[in-house]
Amino acid sequence: MSDYDAYLAGDRPDHVALYLSESYVSDVSDLANREDAERVDDGVVLVVDGERGRNVFQSITGMAAMDFSSAAMDNPGHVNAALDGGDCPAATDDANENHHVEFVFSFAEAENQDVGGLYAEGDVIHAYAYCACGETYSDKWIAGER
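Here's a quick rundown of the structure. Computed from a prediction, not measured in an experiment: that's the story for all the values here. Position numbers for residues start from 1 in each chain and track the written sequence from start to end. Since the coordinates come from a predicted model, pLDDT governs what is reported: local features require at least 70, and pairs of side-chain atoms require 80 or more to be given and counted, while whole-chain, interface and lining totals use all residues. Computation of side-chain values: all heavy atoms of the structure, hydrogens and water removed.

What counts as a helix is a DSSP run of H or I of at least four residues, what counts as a strand is a run of E of at least two, and both are numbered from the N terminus. What the protein contains, in helices and strands, is five helices and eight strands. Only the C-alpha atoms count toward the radius of gyration. The rule for a globule is 2.2 Å times the residue count to the power 0.38. The C-alpha radius of gyration computed for the protein amounts to 15 Å, which stays within 12% of the reference 15 Å derived for 146 residues, consistent with globular compactness. Its C-alpha atoms give the protein principal-axis dimensions of about 45 × 35 × 25 Å. Taken across its 146 residues, the protein has 42% of its residues classed as buried. By the convention used here, residues are in contact when the closest approach between their heavy atoms is within 4.5 Å. Considering only intrachain contacts with a sequence separation of at least 6, the fraction spanning at least 24 residues in the protein is 56%. Accessible surface for the protein amounts to roughly 7300 Å². Of this, 42% is attributable to carbon and sulfur atoms. Taking the average place of the 7 positive charges on the side chains of the protein and the average place of its 30 negative ones, the gap between the two points comes to 6 Å. With a 1.4 Å probe rolled over the protein chains alone, any residue whose accessible area is under 20% of its type maximum counts as buried; one over 50% counts as exposed, and the rest are partly exposed. Working definition of accessibility: Shrake-Rupley area with a 1.4 Å probe, residue cover restricted to the visible protein chains. Charged residues are defined here as Lys and Arg on the positive side and Asp and Glu on the negative side; His and the ends of the chain fall outside this count. Here the site of a charge means NZ on Lys, CZ on Arg, CG on Asp, or CD on Glu.

Okay, structure coming up:
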């Protein structure tokens, strides 16, 4: 099982995952050659230990990971279970709008009976997306259930 698959299953709670689209980074092929990377259809996913992952996110996007996630948290949307896309809540039926995920920052949180709710049901994947239109949004789900 790859680190990416293990992360999505909730087996890497000490790691973060970063999806970067081809349209956002110019060196997707170089990134895909990293040991901690996996190529996906329209980009690359990096699975990196927590602190190092937050630093990688900031060096690539210019944003602090926790500031980005805090801003996106207030705007619920849908992020694909594979972290490689989603549905921007600002999208309308206007075909002239450009809505595709540029990048996703994600972390897993271990099951926690004391917190209750979704967290009592299993490990939770948190995902924070940045759309090409500039909208940020978030999603969360139980690992392995999407």
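Having seen the model, we can carry on.
All right, on to the pattern of salt bridges then. Each reported salt bridge corresponds to a side-chain nitrogen of Lys or Arg within 4 Å of a carboxyl oxygen of Asp or Glu. Counted according to the given criterion, the structure contains seven salt bridges. For the salt bridge of Arg-52 with Asp-49, the shortest nitrogen-to-oxygen distance reads 3.2 Å. Owing to a relative accessible area of 33%, Asp-49 belongs among the partly exposed residues under this scheme. The salt bridge involving Arg-146 is made with Asp-139; its shortest N-O contact spans 2.8 Å. Residue Asp-139 is classed as buried on the basis of its relative accessible area of 12%.

Attention shifts here to the nonpolar core. Core analysis: the largest hydrophobic core is formed by 40 residues, its most contacted members being Tyr-7, Val-79, Leu-83, Val-104 and Phe-105. For this core, the element with the most residues is strand β6 (residues 101-109), which contributes six residues. Excluding residues that lie within four positions of it along the chain, Phe-105 makes contacts with Val-16, Ala-17, Leu-18, Arg-54, Phe-57, Ala-65, Met-66, Phe-68, Ser-69, His-126, Ala-127 and Tyr-128. Nonpolar cores are built from buried Ala, Val, Leu, Ile, Met, Phe, Trp, Tyr and Cys residues. Side-chain atoms within 4.5 Å join them into one set.

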